[in-house]
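Here is how the chains run, residue by residue.
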There are 2 protein chains.
Amino acid sequence: MNPLEQLMNPSSIAVWGASNNPAKMGTMQLSNILGTGYRGKVYPVHRSEETVAGLRAYRHATEVGAPIDLALLVLPTHAVGEVLEECGAAGIKRAIVVSGGFKEIEGGSGIELEREITRMARSHGIRFLGPNCLGIFNSLCDLNTTTIPLPPGGGHIAIASQSGAYTAMINPLLRNMGVKICQTISVGNEADIDLTDCLDYLKDVDEVRAVGLYVETIRRPREFVSIARATVKKKPVVAIYVGGTEAGSRSSLSHTGALTGPDELYDGLFREARVIRADDIDEMIDMLWALSSQPPAGGDRMAVITNSGGPGTSLAYHAEKVGFRVPLFSERLSASLADVTGRLAFVRNPVDLTFETNVHLFKQIAEVIFDSGEVDGAFIYGIFGWRDFAVNMVKRFPALIELENSITAEQRSFMEKLGEVSRTYEKPLLVMSFLGGESDTVQGLAENGIPAYPSASRAARAMRSLMAYGAIVDGLG
Amino acid sequence: MNPLEQLMNPSSIAVWGASNNPAKMGTMQLSNILGTGYRGKVYPVHRSEETVAGLRAYRHATEVGAPIDLALLVLPTHAVGEVLEECGAAGIKRAIVVSGGFKEIEGGSGIELEREITRMARSHGIRFLGPNCLGIFNSLCDLNTTTIPLPPGGGHIAIASQSGAYTAMINPLLRNMGVKICQTISVGNEADIDLTDCLDYLKDVDEVRAVGLYVETIRRPREFVSIARATVKKKPVVAIYVGGTEAGSRSSLSHTGALTGPDELYDGLFREARVIRADDIDEMIDMLWALSSQPPAGGDRMAVITNSGGPGTSLAYHAEKVGFRVPLFSERLSASLADVTGRLAFVRNPVDLTFETNVHLFKQIAEVIFDSGEVDGAFIYGIFGWRDFAVNMVKRFPALIELENSITAEQRSFMEKLGEVSRTYEKPLLVMSFLGGESDTVQGLAENGIPAYPSASRAARAMRSLMAYGAIVDGLG
């Protein structure tokens, strides 16, 4: 069994390093376990305090007198070994070692120490994450062991990362974008469990539909390729790699003790593994959002539907720039669109509705276009909420407030139907909108599986990942 | 005198097309004029209503009986000519023609109509924006004539655009990022006032420190180049151009009747004009934020200061990727940094402080590094606010709430001092943070002239624009 099964879904956790000092990392992490809604048992272990953060504290893990599924160690480097012995004595088989000061230390003095704790863990049958990691988040059991609160749980994205920041610090970014996240794993120095183990675990978590990896090194390339190829049969994998320049490489070494290689080497490795490479964390999130919620694109022909010329032109331009075609529609399709819109102009691709307030038109147009078979996917730029844009109106026209429920209900129903369009035709549909995760529009779209991006280039690159995954799936035959 | 002087700073405005129907564009635009804080006089003109949106309405502009500096026309195409005559009769010399249906119409039927209104305006000495535009925003007099409320006014950025969306629809995006905007001008079809006029006007607005342009065509290339070169002596100019692909070109034509050219042509034109080209609206805003608040970079050597390995490595990688060097610090500088940080390791560039809560260290490190002369700019990744990350702590440790004022005051003072560092050493400093415009951190940094970007690649590309402007300024001798 993959060691992460139990580590990600523990029924009980013992925590070392939490105290009643709120400035300590361990205290933050315990607070986040308690504050995120975790329903299992939590046992702080402390050598002197009677209570920690309002919970009864135990002097020693063996004092707990009940099974402990997971140990969380947020301790000074020198104390880790002793506590792993304690875990062994208490029969604990899974651990997260947050503590740093091991392989990543300049000069190599931590290397032997890391080997030592690894040997010690192994002798007790303990499988562990870290050291030098930030822990995990699993929205399926509301467990957040990291220092960062408010992960926007839900959705179908998982991230495994050699940087803790890219699993937890990104929480505010995800919220601002309106992206939800199902699971994250910070692997740190990978003394035991590594990214390949994570991929192997995430492959079989049904709720996870797309996996992102932050990579400074791949320690077992052969196994990685084999497990990645098995994973992409079920779900797409995206990776970022930042070790491939001089300072990037130097920085990786001091960060997780990673021995990096040139960019081209990792390009080749990812290609071999059928992993889609992203440029940076924001692009990876953009791609994961699309890949976890929309069908892959079966080809390179894209439609652009807009109610504003600039964004429509930008979508056409950036779609072409990243390798799509934005073909002129046939006379027949244009005639059908003219019937639907009641207009003769601007229906040749892009379809420009200019200041159209009937949201249902967007859905009808997408259907007619998908039904024609002339495109493999579509971009929509439009405004589908109203409150963000009616602030000053509502002040002057109180009648709008009375209408609020009906407007909102109509928009909800539109977004549901729009979500169905791409599922029905199995063609991807991405939205561009300047609204963020706090808006009704982006939230409503996201709930119905439609990602919304704040620029044409970001939408285009996310769509490209859907075409890349389409090609990967085809290649698997 | 530039026609935009009076158009951007009117003491009084007459509005055609607003009514008591909140679903009409004109009503939205009037509501935004009234709701954004404009302090001049506003006169709705309506042929039948007695009052519009709570204001006295006039049958005819000549009825107003007081000088009118600006006319806003939000009317059906066919009504524009008649109202321009009315403006002439009332002595109005500036207008914004929002109405569409002119040159941008497929088949060319609107071309003659556009010539006609232009001749008519000229015969009355009326200079106008549009047709087919969204109007203007000027935070210096709180005037917002667009359909979109809540422009985040202030700051030192101006945008002039052939797309209305890229001047006004972007308001929520700007707010989410924490970017403020001073002036925007939507030029539409440019029958009279064009982008070159805008540049000429913005060149002399002292509050504007960086100008962005959304370009589908440059109608007077020779004048554009000459005025742009005069502008960049005072402030940088950034442009996006999306007409350079097949569908992009087709879309531009139907959007503003723009005749586009290939990408390379515009690359050359921008180079000739000393205008920095951005890829898309988000990159343009990123660049404008840096260029309007930080000094240009005098060279390509960058420092990276971080309290988290992944973002630090990513900053080093992306800085190198876009053409910077991230040089290893000298022994001497490293020794000074070790003195400041009390650490021996991780001070060679990147400087990695890992989980450092003393914010003042970041400022001291930036000073020591800038003082050494070994770099031309610096990136910082760090957390400088606390509330976003202490939600669950505050619940468990009420003492933190008591400490709130002192923590917040300390962080404010740190951000002020950090803002001074780049001004003192005349070297740019950009922050990377996953927090958005709603956070204390990003707001505090922005107030002190430090932009914060949500990814390493975005920070790196924004810094590259500061190096590009440095080279432009140097080239001017």
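See the structure printed just above.
Remember, predicted model here, so these are calculated numbers, not experimental data.

(A) Representation of the overall build of chain A within the structure. Each helix and strand counted, chain A has 18 helices and 19 strands in total. For a compact globule of 477 residues, the expected C-alpha radius of gyration is about 23 Å, and chain A comes in at 25 Å, within 12% of that figure. Taken along the three principal axes of its C-alpha coordinates, chain A extends 80 × 55 × 35 Å. Split into buried and exposed, the 477 residues of chain A put 63% on the buried side. For chain A, restricting intrachain contacts to residue pairs at least 6 apart in sequence, the fraction spanning at least 24 positions comes to 74%.

(B) Structural view of the interface of chain B and chain A. The interface is formed by 93 residues belonging to chain B together with 93 residues belonging to chain A. Summed over both partners, the interface of chain B with chain A comes to about 7000 Å²; 60% of that surface belongs to carbon and sulfur atoms. Where the side of chain B that touches chain A is concerned, the elements lending two or more residues are helix H2 (25–35), helix H5 (165–169), helix H6 (171–177), helix H9 (246–256), helix H11 (281–293), helix H12 (309–321), helix H15 (391–396) and helix H18 (456–475) of chain B. If you tally residues by element for the side of chain B that touches chain A, the top one is H12 of chain B, at 11 residues. Partitioned by chemical class, the residues of the side of chain B that touches chain A number 44 nonpolar, 30 polar and 19 charged.

(C) Just the nonpolar core, in detail. Core analysis: the biggest nonpolar cluster contains 290 residues, and Ile185 and Leu213 of chain A together with Ile185 and Leu213 of chain B have the highest contact counts within it. Excluding residues that lie within four positions of it along the chain, Leu213 of chain A makes contacts with Ala160, Leu195, Leu199, Phe224, Val237, Val238, Ala239, Ile240 and Met284 of chain A.

(D) Structural detail: the environment of Ile380 of chain B. Residues and elements named next belong to chain B. Within the secondary structure, Ile380 is located in strand S17 (residues 377–381). For the pair Ile380 and Thr306, spaced 74 residues apart in the sequence, the C-alpha separation amounts to 5.6 Å. Those residues within four positions of Ile380 in sequence are excluded, and the remaining contacts are Ile305, Phe362, Leu418, Leu429, Leu430, Val431 and Met432.

(E) View of the relation of the copies chain B and chain A. Between chain B and chain A, the superposition needs a rotation of 180° and an axial shift of 0.0 Å, giving an RMSD of 0.0 Å. Put plainly, the chains are arranged around a two-fold axis. Closest approach to the rotation axis within chain B is made by the C-alpha atom of Asn176 of chain B, at a distance of 3.7 Å. Looking at chain B, 100% of its interface residues are interface residues in chain A too, so the copies touch through the same face.

(F) Layout of the side chain of Asp197 of chain B. Residues and elements named next belong to chain B. Counting through the fold element by element, Asp197 comes out in helix H7 (residues 195–203). A distance of 3.3 Å separates polar atoms of two side chains, one belonging to Asp197 and the other to Arg220. Among all residues touching Asp197, those that are not within four sequence positions of it are Asn2, Leu4, Arg127, Asp192 and Arg220.

(G) Spotlight on the sheet that holds strand S2 (residues 41–45) of chain A. All names here are of chain A. Across the sheet, which stays open at both edges, the 5 strands sit in the order S2-S1-S5-S6-S7 with parallel pairing between neighbours. Since the sheet does not close on itself, it has two edges, and those belong to S2 and strand S7 (127–129), each with one partner. Adjacent strand axes in the sheet meet at a mean angle of 20°, parallel and antiparallel pairs treated alike. Judged from the 3 bridges that link them, strand S6 (residues 94–97) and S7 form a sheet pairing that is parallel. Looking at the pairing, Arg94 lines up with Arg127 of S7. Sheet strands in contact with helix H2 (residues 25–35) are strand S1 (12–16), S2 and strand S5 (70–73), and its direction is about 165° off that of S2.

(H) Inspection of the sheet that holds strand S2 (residues 41–45) of chain B at higher detail. Residues and elements named next belong to chain B. One open sheet accounts for 5 strands, arranged S2-S1-S5-S6-S7; its pairing is parallel. The open sheet has two edge strands with one neighbour each: S2 and strand S7 (127–129). The mean inter-strand angle of the sheet, taken between neighbouring strand axes irrespective of direction, is 20°. Sheet topology places strand S5 (residues 70–73) next to strand S6 (residues 94–97); 3 bridges connect them, and they run parallel. Note that in S6 the partner of Ala71 across the bridge is Ala95. On top of the sheet, helix H3 (residues 80–89) reaches strand S1 (12–16), S2, S5 and S6; it is set at about 165° to S5, its chief contact.

(I) Representation of empty space enclosed by the protein. Tallied over the full model, the rule gives 6 cavities of 30 Å³ or more. Its volume calculated, the largest cavity comes out at about 340 Å³. Lining the largest cavity are 22 residues, and of these Leu173, Asn176 and Met177 of chain A together with Asn176 and Met177 of chain B sit closest to its centre.

(J) Representation of the packing of helix H13 (residues 331–341) of chain B against helix H14 (residues 360–372) of chain B. Residues and elements named next belong to chain B. Here H13 crosses H14 at 160°, and the two axes come no closer than 10 Å. With respect to H14, the axis of H13 lies roughly antiparallel. In the crossing of H13 with H14, the sense of the turn from one axis to the other is right-handed. Contacts between H13 and H14 involve Leu333, Ser336, Leu337, Val340 and Thr341 from the former and Leu361, Gln364, Ile365, Val368, Ile369 and Ser372 from the latter.

Parameters and conventions
Residues numbered from 1 in each chain as written. Chains lettered and ligands numbered in written order. Predicted model: local features only at pLDDT ≥ 70, side-chain atom pairs only at ≥ 80, totals over all residues. Heavy atoms only, no water. Helix = DSSP H or I, 4+ residues; strand = E, 2+ residues; numbered from the N terminus. Rg over C-alpha atoms; globule rule 2.2 N^0.38 Å. Buried < 20%, exposed > 50% of the residue type's maximum accessible area, 1.4 Å probe, protein only. Contact = heavy atoms within 4.5 Å. Buried area = accessible area lost by both parts, 1.4 Å probe. Nonpolar A, V, L, I, M, F, W, Y, C, P; charged D, E, K, R; others polar. Core = buried A, V, L, I, M, F, W, Y, C linked by side-chain atoms within 4.5 Å. Least-squares fit on C-alpha atoms with pLDDT ≥ 70 in both. Polar contact = N/O pair within 3.5 Å; in protein donor to acceptor, adjacent residues only side chain to side chain. Pairing = 2+ DSSP bridges. Axes fitted to C-alpha atoms, helices over the stretch in contact; angles between N-to-C directions. 1 Å grid on protein atoms, 1.4 Å probe; cavity = no way out; pocket = protein on both sides within 12 Å on 5 of 7 lines; lining within 4 Å. Points joined across faces, edges and corners; volume = space filled by probe spheres on them. Parallel < 35°, antiparallel > 145°, perpendicular 65-115°, else oblique. Left-handed = near helix turned anticlockwise from the far one by under 90°.

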